[in-house]
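A structural walkthrough
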Amino acid sequence: QVQLVESGGGLVQAGDSLRLSCAASGRTGSNYIVGWFRQAPGKERDLIAAIRWSDGNTNYGDSMKGRFTISRDNAKNTVDLHMTSLKPEDTAVYYCAARSGVSLLPTYKYTTWGQGTQVIVSS
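What this report covers is the structure whose coordinates are included nearby. (Residues numbered from 1 in each chain as written. Predicted model: local features only at pLDDT ≥ 70, side-chain atom pairs only at ≥ 80, totals over all residues. Heavy atoms only, no water.)

This part is about the overall build of the protein chain. A count of helices and strands for the protein chain gives zero helices and 11 strands. Counting from the amino terminus, helix and strand elements in the protein chain follow one another as β-β-β-β-β-β-β-β-β-β-β. Taking 14 Å as the expected radius of gyration for a compact globule of 123 residues, we find that the protein chain reaches 14 Å, a close match to that expectation. Seen along its three principal axes, the alpha-carbon backbone of the protein chain occupies a region of about 40 × 25 × 25 Å. The 123 residues of the protein chain split such that 42% are buried. Surface accessibility of the protein chain: about 6,500 Å² in total, with carbon and sulfur atoms responsible for 47%. Seen as two clouds, the 13 positive and the 10 negative side-chain charges of the protein chain have centres 5 Å apart. (Helix = DSSP H or I, 4+ residues; strand = E, 2+ residues; numbered from the N terminus. Rg over C-alpha atoms; globule rule 2.2 N^0.38 Å. Buried < 20%, exposed > 50% of the residue type's maximum accessible area, 1.4 Å probe, protein only. Areas by Shrake-Rupley, 256 points an atom, 1.4 Å probe, with all protein chains shown as cover. Lys, Arg positive; Asp, Glu negative; His and termini not counted. Charge placed at Lys NZ, Arg CZ, Asp CG, Glu CD.)

Listed below in structure tokens is the structure:
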């Protein structure tokens with residue numbers, strides 16, 4: 001069973017950059033996918049990006065490419081989300097999640113979730 005803990009959220013100003021980190025522990029193996037999601041107040045949870053742990057291949061949600069970059073650090077067992085040119089509409093709780101498998105298609109259900117980290121972008 002994988003456990004996930006997010007960190008790096010906080011209050012930033014519009015235009016700033018921020019890096020979120022998702023630390024994975026427990027029985028991870030190599031065939032699993034880690035995704036970053038966000039949920040703004042009153043809105044649905046959206047996929048930002050996903051990464052396949054075994055080879056680092058990535059997939060991004062609609063309209064998420066460009067300002068968001070997902071990456072993994074094998075040595076630290078973390079998956080990071082680097083965000084640039086932040087906007088007030090990026091304000092949300094950001095979650096990382098994991099599922100077993102190799103497909104990066106967004107249709108598969110994630111089975112393990114972190115507790116989330118709040119990002120607030122002021123104008």
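Residue Asn77 is not a glycine yet carries a positive backbone phi of 60°. We note that Ser85 has phi near 45°; this positive angle belongs to a residue other than glycine. With respect to the helices and strands, the residue Ser85 is situated in the loop between strand 8 (78-83) and strand 9 (92-100).

Under the definition given, this model contains four salt bridges. Arg38 is paired through a salt bridge with Asp90; the nearest N and O atoms lie 2.8 Å apart. Residue Arg38 is found in strand 4 (residues 32-39), and its partner Asp90 is found in the loop between strand 8 and strand 9; the two are separated by 52 residues along the sequence. The exposure class assigned to Arg38 is buried, which follows from its relative accessible area of 14%. Arg52 serves as the salt-bridge partner of Asp55, at 3.1 Å between the closest nitrogen and oxygen. When its relative accessible area of 39% is taken as the criterion, Asp55 is described as partly exposed. Salt bridges here are not isolated pairs; linked through shared partners, they connect Arg38, Arg67 and Asp90. (Salt bridge = Lys/Arg side-chain N within 4 Å of Asp/Glu carboxyl O.)

Moving on to the packing of aromatic side chains. Evaluation of the coordinates by the stated rule reveals five aromatic pairs. Plain terms: the ring middles of Tyr32 and Trp53 are 5.7 Å apart, the flat faces sit at 10° to each other, and that makes the pair stacked. Of this pair, Tyr32 sits in strand 4 while Trp53 sits in the loop between strand 5 (45-52) and strand 6 (58-60), and the two are 21 residues apart along the sequence. Overall, the relative accessible area of 2% leaves Tyr32 in the buried class. Site record: aromatic cluster; members linked through ring pairs are Phe37, Tyr95, Tyr110 and Trp113. The aromatic ring of Tyr95 is capped on one face by Arg45, whose charged end is 6.0 Å from the ring centroid. The cationic tip of Arg99 hangs over the ring face of Tyr110; the distance from NZ or CZ to the ring centre is 4.8 Å. (Phe/Tyr/Trp six-rings, centres within 6.5 Å; stacked < 30°, edge-to-face > 60°. Lys NZ or Arg CZ within 6 Å of the ring centre and 35° of its normal.)

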